[in-house]
Amino acid sequence: MAKTMPALGQADSGANSVGSSTSPSTFFAMLMNAMMESMEQANTGTTPQTGVQAAAPSLTTPLTAPLTNSYNPAITIPPIDKKEVATAATDTSDLKFKPTQFIKLDNTLEGKLSGTAAHFINAGKKYDLDPNLLSAIAIHETGNGSSRAVNDKNNVAGMMGKNGLRSYASVEDSIFDMARNLRQNYLNEGKDTIAKIGAKYAPVGAANDPTGLNNHWTQGVSNYYSKLT
């Protein structure tokens, strides 16, 4: 009670005494208030000092339990070696490098292929291939940048590795690898049309094509190629 009640009979020039100016009802209310505060302190086991705010209890239990499994980052994939492959004299096709309408190509590419027009052009220059051919194959293979292969593995051309569908460090790497493969293993070997390329690139009835998607490869790539050119 010493916290809130004035001493009985104490005179103070700066404050009113209980007996001189406090009515019985007011004094009774003050007494009850002091008793209630005293009981509350006894129940909680704390006795805060006058004018000092009691500190909030610190949190000793974490809000979430610690993770039991560690985070495993994706395996780093080194960039491909953009090795030189010269154009063979046997390539008499009309699929060699030629100027491309950059804005048209850039506006056509969507999804994960968006913004990669320059990569198709640069790869075409390096391996002497029409950038529109490279783009048409990538658009057909990925559903114009929407397939899981391109989104999960940056694979734009269905290129296979020892363990299945190959993963690339970037879409650019995949474009250059596709161009190298076409120059080295297709056009340099005399496959000078989209149909001839398709017969090897996506053979009809292949064991790894159970749903028959290869049946539409030549027609699909040819359609995209015609639209780009």
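Since the model is a prediction, treat every value here as computed from it, not as a measurement. (Residues numbered from 1 in each chain as written. Predicted model: local features only at pLDDT ≥ 70, side-chain atom pairs only at ≥ 80, totals over all residues. Heavy atoms only, no water.)

**Some thoughts on helix α5 (residues 131-142)**
The following threshold applies: Put simply, DSSP H or I for four residues or longer makes a helix, DSSP E for two residues or longer makes a strand, and each gets a number counted from the N terminus. By this rule the span expected of a helix is its residue count minus one, scaled by 1.5 Å. For every residue, the accessible area (1.4 Å probe, protein chains only) is compared with the maximum for its type, and the residue is labelled buried under 20%, exposed over 50%, or partly exposed between those bounds. Throughout, a contact is declared for two residues whenever any of their heavy atoms are within 4.5 Å. The term polar contact refers here to a pair of N or O atoms within 3.5 Å; inside protein, the definition further demands a hydrogen-donor-capable atom paired with an acceptor-capable atom, and it admits residues adjacent in sequence only when both atoms are side-chain atoms.
For α5, which comprises 12 residues, the first-to-last C-alpha distance of 16 Å matches the rise-based estimate of 16 Å (1.5 Å per residue) to within 8%. By the burial criterion, the buried members of α5 are Pro 131, Asn 132, Leu 133, Leu 134, Ser 135, Ala 136, Ile 137, Ala 138, Ile 139 and Thr 142. The elements touched by buried residues of α5 are α3 (102-108), α4 (117-127), α6 (148-153), α7 (171-185), α8 (194-201) and α9 (217-228). Among the residues of α5, the N-terminal cap falls to Asp 130, whose side-chain oxygen and the backbone nitrogen of Asn 132 are separated by 3.0 Å. Just downstream of α5, Gly 143 is the residue with a positive phi angle, here 65°.

**Structural notes on the packing of α5 against α9**
Condition: The angle between two axes is taken between their N-to-C directions and runs from 0 to 180 degrees, where each axis is a line fitted to C-alpha atoms and a helix contributes only its stretch in contact. For classification, angles of less than 35 degrees are called roughly parallel, those exceeding 145 degrees roughly antiparallel, those between 65 and 115 degrees roughly perpendicular, and all remaining angles oblique. Crossing handedness is defined as follows: a turn of the near helix away from the far one that is anticlockwise and smaller than a right angle gives a left-handed crossing, while the clockwise case is right-handed. Residues are sorted three ways: Asp, Glu, Lys and Arg are charged, Ala, Val, Leu, Ile, Met, Phe, Trp, Tyr, Cys and Pro are nonpolar, and all the rest, Gly among them, are polar.
For the pair α5 and α9, the least separation of the axes is 8 Å and the interaxial angle reads 130°. The pairing of α5 with α9 is recorded here as oblique in orientation. Taken as a pair, α5 and α9 cross one another with a handedness that is right-handed. Counting all contacts with α5, which are made through Asn 132, Leu 133, Ser 135, Ala 136, Ile 137, Ile 139, His 140 and Glu 141, the residues of α9 involved are Trp 217, Gly 220, Val 221, Tyr 224, Tyr 225 and Leu 228. Among the residues making up the contact of α5 with α9, the classes are represented as 9 nonpolar, 4 polar and 1 charged.

**A few points about unusual backbone geometry**
In the Ramachandran plot, Asp 128 falls in the positive-phi region, its phi being about 55° despite a non-glycine side chain. Exposure remark for Asp 128: the relative accessible area of 21% places this residue in the partly exposed category. Its identity as a non-glycine residue notwithstanding, Asn 144 has a phi of 55°, on the positive side. Mapped onto the fold, Asn 144 is located in the loop between α5 and α6.

**Looking at the nonpolar core**
To be explicit about the condition: We define the nonpolar core as a collection of buried residues of types Ala, Val, Leu, Ile, Met, Phe, Trp, Tyr and Cys that are connected through side-chain atoms lying within 4.5 Å of one another.
One finds Phe 120, Val 156, Met 178, Leu 182, Ile 197 and Tyr 201 to be the most contacted residues of the largest nonpolar core, which totals 39 residues. The set of elements that each furnish at least two residues to this core consists of α4, α5, α7, α8 and α9.

**A word on the layout of surface pockets**
Empty space among the atoms becomes apparent when a probe as large as a water molecule is rolled across them. Keep this limit in mind: Space inside and on the surface of the protein is sampled on a 1 Å grid over the protein atoms alone, with a cavity defined as a set of points where a 1.4 Å probe fits but cannot get out and a pocket as an open set with protein on both sides within 12 Å along at least 5 of 7 lines; lining residues have an atom within 4 Å of a point. Grid points are joined across faces, edges and corners, and a volume is the space filled by probe spheres set on the points.
Approximately 670 Å³ is the volume attributed to the largest pocket. Lining the largest pocket are 27 residues, and of these Glu 141, Ala 157, Gly 158, Ala 202 and Asn 214 lie nearest its centre. Looking at the lining of the largest pocket element by element, the count peaks at 3 residues for α5.

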